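As a plain string of letters, each chain reads:
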Amino acid sequence: MAALFYIVAGVAVLAALSVVLQRTPVYSALSLIVVLCSLAVLYLLIGAEFLAVIQVIVYAGAIMVLFVLVIMLLNARRETPGDRSRLAPLLGAPLLAVFLAEFFFVIVKQLPRGSESSAAPLDSGPAAIGGLLFRNYVLPFEVTSVLILVAILGAVVLAKKEL
Amino acid sequence: MVPVSHYLLLSVVLFSLGVAGFLIRRNVITVFMSIELMLNAVNLAFVAFSRHLGNLDGQLFVFFVIVVAAAEAAVGLAIIIALYRTRESLSVDDLDSMKL
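Residues numbered from 1 in each chain as written. Chains lettered and ligands numbered in written order. Predicted model: local features only at pLDDT ≥ 70, side-chain atom pairs only at ≥ 80, totals over all residues. Heavy atoms only, no water.

(A) Spotlight on the overall build of chain A. A count of helices and strands for chain A gives 6 helices and 0 strands. Taking 2.2 N^0.38 as the reference for a compact globule, 163 residues should give roughly 15 Å; the C-alpha atoms of chain A span a radius of gyration of 20 Å, well beyond that estimate. Considering only C-alpha atoms, chain A reaches an extent of 55 × 40 × 25 Å along its principal axes. In chain A, the proportion of contacts linking residues at least 24 apart, taken out of those at least 6 apart, comes to 53%. In the structure as shown, chain A presents an accessible area of about 9900 Å², 73% of it carried by carbon and sulfur atoms. (Helix = DSSP H or I, 4+ residues; strand = E, 2+ residues; numbered from the N terminus. Rg over C-alpha atoms; globule rule 2.2 N^0.38 Å. Contact = heavy atoms within 4.5 Å. Areas by Shrake-Rupley, 256 points an atom, 1.4 Å probe, with all protein chains shown as cover.)

(B) Region of the structure containing a nonpolar patch on the surface. Together, A:Leu14, A:Leu17, A:Leu21, B:Phe22, B:Leu23 and B:Ile24 make up an exposed nonpolar region whose accessible area comes to about 550 Å². At the level of secondary structure, the elements contributing two or more residues to the nonpolar patch comprise helix H1 (2-21) of chain A together with helix H1 (4-24) of chain B. Within the secondary structure, B:Ile24 is located in helix H1. (Patch = residues over 30% accessible without salt bridge, like charges linked within 9 Å, V, L, I, M, F, W, Y side chains within 5 Å. Salt bridge = Lys/Arg side-chain N within 4 Å of Asp/Glu carboxyl O.)

(C) Spotlight on unusual backbone geometry. Residues and elements named next belong to chain B. Although it is not a glycine, Glu-88 adopts a positive phi angle of roughly 60°. With respect to the helices and strands, Glu-88 occurs in the segment after helix H3 (57-87). Looking at Glu-88, the relative accessible area reads 58%, which means it is exposed. (Buried < 20%, exposed > 50% of the residue type's maximum accessible area, 1.4 Å probe, protein only.)

(D) Representation of H1(B) in the model. The terminal C-alpha atoms of H1(B), which comprises 21 residues, lie 31 Å apart, in line with the 30 Å expected from a rise of 1.5 Å per residue. Along H1(B), 15 of the 21 residues are buried, which leaves the element largely enclosed by surrounding structure. (Expected span 1.5 Å × (residues − 1).)

(E) Representation of the interface of chain B and chain A within the structure. Contacts between the two partners involve 69 residues from chain B and, on the opposite side, 78 residues from chain A. A per-residue breakdown of the area chain B buries against chain A is headed by B:Arg25, B:Met33 and B:Arg51, which together make up 10% of the total. In this structure, the connection of chain B to chain A is made through 0 salt bridges. Our count for the chain B to chain A interface comes out at 9 residue pairs in polar contact (both at pLDDT 80 or more). (Buried area = accessible area lost by both parts, 1.4 Å probe. Polar contact = N/O pair within 3.5 Å; in protein donor to acceptor, adjacent residues only side chain to side chain.)

(F) Structural view of the domain arrangement of chain A. Segmenting chain A into domains produces domain 1 (1-77) and domain 2 (125-163). Distance between the C-alpha centres of domain 1 of chain A and domain 2 of chain A: 23 Å. (Domains from an automatic or database assignment.)

(G) Region of interest: the side chain of B:Ser34. Residue and element names in this part refer to chain B. As for its position among the elements, Ser-34 is in helix H2 (residues 28-53). Judged by relative accessible area, which is 1%, Ser-34 ranks as buried. Apart from the residues within four sequence positions on either side, Ser-34 is in contact with Gly-18, Gly-21 and Phe-22.

(H) Expanded view of the packing of helix H3 (residues 49-73) of chain A against H2(B). It is at 12 Å that the axes of H3(A) and H2(B) come closest, and there the two elements cross at 175°. Overall, the two elements H3(A) and H2(B) adopt an arrangement that is roughly antiparallel. For the pair H3(A) and H2(B), the contacting residues are A:Leu51, A:Gln55, A:Tyr59, A:Ile63, A:Met64, A:Phe67, A:Val70 and A:Ile71 in the first and B:Ile29, B:Phe32, B:Met33, B:Glu36, B:Leu39, B:Asn40, B:Asn43 and B:Val47 in the second. Here the residues of the contact of H3(A) with H2(B) are counted per class, giving 12 nonpolar, 3 polar and 1 charged. (Axes fitted to C-alpha atoms, helices over the stretch in contact; angles between N-to-C directions. Parallel < 35°, antiparallel > 145°, perpendicular 65-115°, else oblique. Nonpolar A, V, L, I, M, F, W, Y, C, P; charged D, E, K, R; others polar.)

(I) The nonpolar core, seen in detail. Ranked by internal contacts, the top residues of the largest apolar core, which has 70 residues, are A:Leu32, A:Val35, A:Leu42, A:Phe67, B:Tyr7, B:Ile29 and B:Met33. Each of domain 1 (1-77) and domain 2 (125-163) of chain A gives at least three residues to this core. With residues near it in sequence (within four places) discarded, A:Leu42 still touches A:Phe5, A:Val8, B:Tyr7, B:Leu10 and B:Leu44. (Core = buried A, V, L, I, M, F, W, Y, C linked by side-chain atoms within 4.5 Å.)

(J) Summary view of the confidence of the model for chain B. Mean pLDDT over chain B stands at 89; residues scoring 70 or higher make up 97%. Averaged pLDDT values over the elements of chain B bottom out at 90 in H3(B) and peak at 93 in H2(B). (pLDDT = per-residue confidence, 0-100.)

(K) Up close: H2(B). Residues and elements named next belong to chain B. The end-to-end C-alpha distance of H2, which contains 26 residues, comes to 38 Å, matching closely the 38 Å that a straight helix rising 1.5 Å per residue would cover. Across the 26 residues of H2, 20 count as buried, placing the element largely inside the fold. A distance of 2.9 Å separates the backbone nitrogen of Ile-29 from a side-chain oxygen at the start of H2, and that oxygen is part of Asn-27.

(L) How the structure looks around the packing of aromatic side chains. As enumerated under the stated definition, the model contains 10 aromatic pairs over all chains in all. Ring geometry for A:Tyr137 against B:Phe61: centres 6.3 Å apart, planes inclined by 85°, an arrangement best described as edge-to-face. A residue pair is termed interchain when its members come from two chains, as with A:Tyr137 in the loop between helix H5 (126-135) and helix H6 (138-159) and B:Phe61 in helix H3. Judged by relative accessible area, which is 15%, A:Tyr137 ranks as buried. We classify B:Phe61 as partly exposed; its relative accessible area is 38%. Between the aromatic rings of A:Tyr137 and B:Phe64, the centroid separation amounts to 6.3 Å while the plane-to-plane angle is 55°, which identifies the pairing as tilted. You can see A:Tyr137 sitting in the loop between H5 and H6 and its partner B:Phe64 sitting in helix H3, one on each of two chains. Side by side, A:Tyr137 and B:Phe64 carry an identical accessibility label, which is buried. A connected cluster of aromatic rings, assembled from ring pairs, spans A:Tyr137, B:Phe46, B:Phe61 and B:Phe64. (Phe/Tyr/Trp six-rings, centres within 6.5 Å; stacked < 30°, edge-to-face > 60°.)

Encoded structure:
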């Protein structure tokens, strides 16, 4: 179990690096699908089975298909290096390193080795999730449906030929 | 059993990579995918804490994040298509104003 976690985590980090470093958008999209699928495996390992299935179906399935379709539709090619100043990466890299170090410090300090969870494994099947969703989170659920409706209408209006 | 801190460290690394991609990439679609990467890193932290605290609420939040990400992807990609029609470019350097 533990070995599988580190293998999948390594795959996720490498694929995320590939998302960031590839210059061709379609390669980035394919790498992102690898990240999403390895996250689904991690969800399985941590005991969130239903979430893992949703991750693969909705994220790796629906959302990424949308991305790949748009990349093909717009014929997005390899990006050409801009003539911007190199200041942003030069300043950004140390800031990102500070951000990472800060988080590593906090996580290691707050959750030292041996502070493993004593909580019993959760029942995170569709029944438990659905019960919680329709009992405690009915209002956010309904608001979500309105959000989806607005998104559909917005996408249709925006993608019309004459705006 | 893998300690929860390792899940969180992985989440932070993925989030930082998303931030880096958002800042260094010039293609607007790749920038958009970096945002998805950040959202997924946060989802992983939610699930790890949900397991750590023995509380299912964290997993529900992930569902809402996925829904919002789907809506965001639909609207955002529609905006990109509309912008491409008028600008004929996908570089963020050319897309510096939303006005069509």
